[in-house]
Amino acid sequence: MNAAHIAARSRSGVAVEVVGETGSTNADLLARAAGLAGPLLLVAEHQTAGRGRAGRSWLSSAEGSLTFSLAWRFEGGPQALTGLPLAIGVALAETISALGVQVQLKWPNDVLKDGDKLAGILVETQNAPGGGVWAVIGIGLNLLMPDEMEARLGRSAAGVPWLARMERDTLVAALLDGLAAALREFAARGFGAFSARWNLRHAWQGETVVLLDAGKVVQEGLAAGVDDSGRLLLDTVDGRMPVLAGDVSLRVKA
Ligand code: ATP
């Protein structure tokens, strides 16, 4: 991949860097955030220690994965970022759909294809020295999903061979443009501008789901979509409960 080509194919005005190999693009941008003059996209050809939520790991390969992070500064405190990971999911899903592949969203922050995880999103934050907060938005997107990787994951996962055939710099530029437009909209209008769009693509709307905390079921109900703060609305025997995205995992009830 080539940073100049990505920047030339993008309308976002965001600076772009490409590295051959690194542990985690999120870790790299968090380490640099205090010194950044503006938004920066860091793409790794190969990421060797990708991170998920709560210390989980994200697997990728040099040939079959896209791994990148985007550093973006927002005005206000951390509460200005409520719902941001879900808005990123909407941006990714809308961009991938526009490229011809239909995908769905799983609360809080996964993109699914045919029920399996296609992309993961990890947002990490840091106070900006001059005020506001830096969000480092990490994205791992499977282009190919070889059997060997599914075996390592211990569960099925999805790829998008159709997008794997696209020229990589053009694909990254399209994803960057979708993300940058969504981030500008999010800064201006908050998650309220995205909730209906999220619900349109909700993978498990109306299905019975369980919430897991450390592997234990803590809640069960019908998934009723998200509200304007990005909380999952769960219809339980005790009524409708809004669920905050803490360290809980959502599963369809077996
Ligand atoms: P869960 O999917 O269990 O609800 P989560 O949404 O918190 O968890 P993330 O933290 O976003 O998941 O991603 C980490 C998890 O994703 C890992 O625990 C692993 O199960 C799965 N995973 C890791 N690499 C990949 C990949 N390339 N494709 C699909 N799934 C992956």
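A few points on the structure. (Residues numbered from 1 in each chain as written. Predicted model: local features only at pLDDT ≥ 70, side-chain atom pairs only at ≥ 80, totals over all residues. Heavy atoms only, no water.)

**Considering the layout of surface pockets**
If you add up the space inside the largest pocket, you get close to 680 Å³. Residue lining of the largest pocket: 41 residues in total, with Gly52, Arg56, Ser57, Trp58 and Lys117 positioned closest to the centre. In terms of residue class, the lining of the largest pocket is made up of 14 nonpolar, 17 polar and ten charged. For the second largest pocket, the calculated volume is near 470 Å³. Lining the second largest pocket we find 24 residues, and of these Leu81, Gly83, Leu84, Pro85 and Ala245 sit closest to its centre. Those elements that place two or more of their residues in the lining of the second largest pocket are helix 3 (84–98) and strand 8 (116–127). In the lining of the second largest pocket, the residues fall into 13 nonpolar, eight polar and three charged. (1 Å grid on protein atoms, 1.4 Å probe; cavity = no way out; pocket = protein on both sides within 12 Å on 5 of 7 lines; lining within 4 Å. Points joined across faces, edges and corners; volume = space filled by probe spheres on them. Nonpolar A, V, L, I, M, F, W, Y, C, P; charged D, E, K, R; others polar. Helix = DSSP H or I, 4+ residues; strand = E, 2+ residues; numbered from the N terminus.)

**As for the packing of helix 3 against helix 6 (residues 168–189)**
Between helix 3 and helix 6, whose axes approach to 9 Å, the crossing angle comes to 140 degrees. When the axis of helix 3 is compared with that of helix 6, the two are oblique. Between helix 3 and helix 6 lies a crossing whose hand is right-handed. On the side of helix 3, the interface is formed by Leu84, Ala87, Ile88, Ala91, Leu92, Thr95 and Ile96, while helix 6 contributes Ala174, Leu175, Gly178, Leu179, Ala182, Leu183 and Phe186. Tallied by class, the residues present in the contact of helix 3 with helix 6 amount to twelve nonpolar, two polar and no charged. (Axes fitted to C-alpha atoms, helices over the stretch in contact; angles between N-to-C directions. Parallel < 35°, antiparallel > 145°, perpendicular 65-115°, else oblique. Left-handed = near helix turned anticlockwise from the far one by under 90°. Contact = heavy atoms within 4.5 Å.)

**Some thoughts on the environment of Trp204**
Within the secondary structure, Trp204 is located in the loop between helix 7 (195–200) and strand 10 (208–213). On the basis of relative accessible area, Trp204 is assigned to the buried category, the value being 13%. Every residue in contact with Trp204, bar those within four places of it in the chain, is listed here: Lys106, Leu112, Val209, Ala223, Leu250, Arg251 and Val252. (Buried < 20%, exposed > 50% of the residue type's maximum accessible area, 1.4 Å probe, protein only.)

**Regarding the sheet that holds strand 11 (residues 216–226)**
Ordered in space as 13-12-11-10-14, the five strands form an open sheet in which the pairing is antiparallel. Looking at which strands have only one partner, the edges of the open sheet turn out to be strand 13 (239–243) and strand 14 (249–252). Between one strand and the next, the sheet's axes are offset by a mean angle of 45 degrees, whatever the strand orientation. One ladder, built from five bridges, connects strand 12 (residues 232–236) with strand 13; its direction is antiparallel. Residue pairing for strand 13: Thr236 is matched across the bridge by Gly239. (Pairing = 2+ DSSP bridges.)

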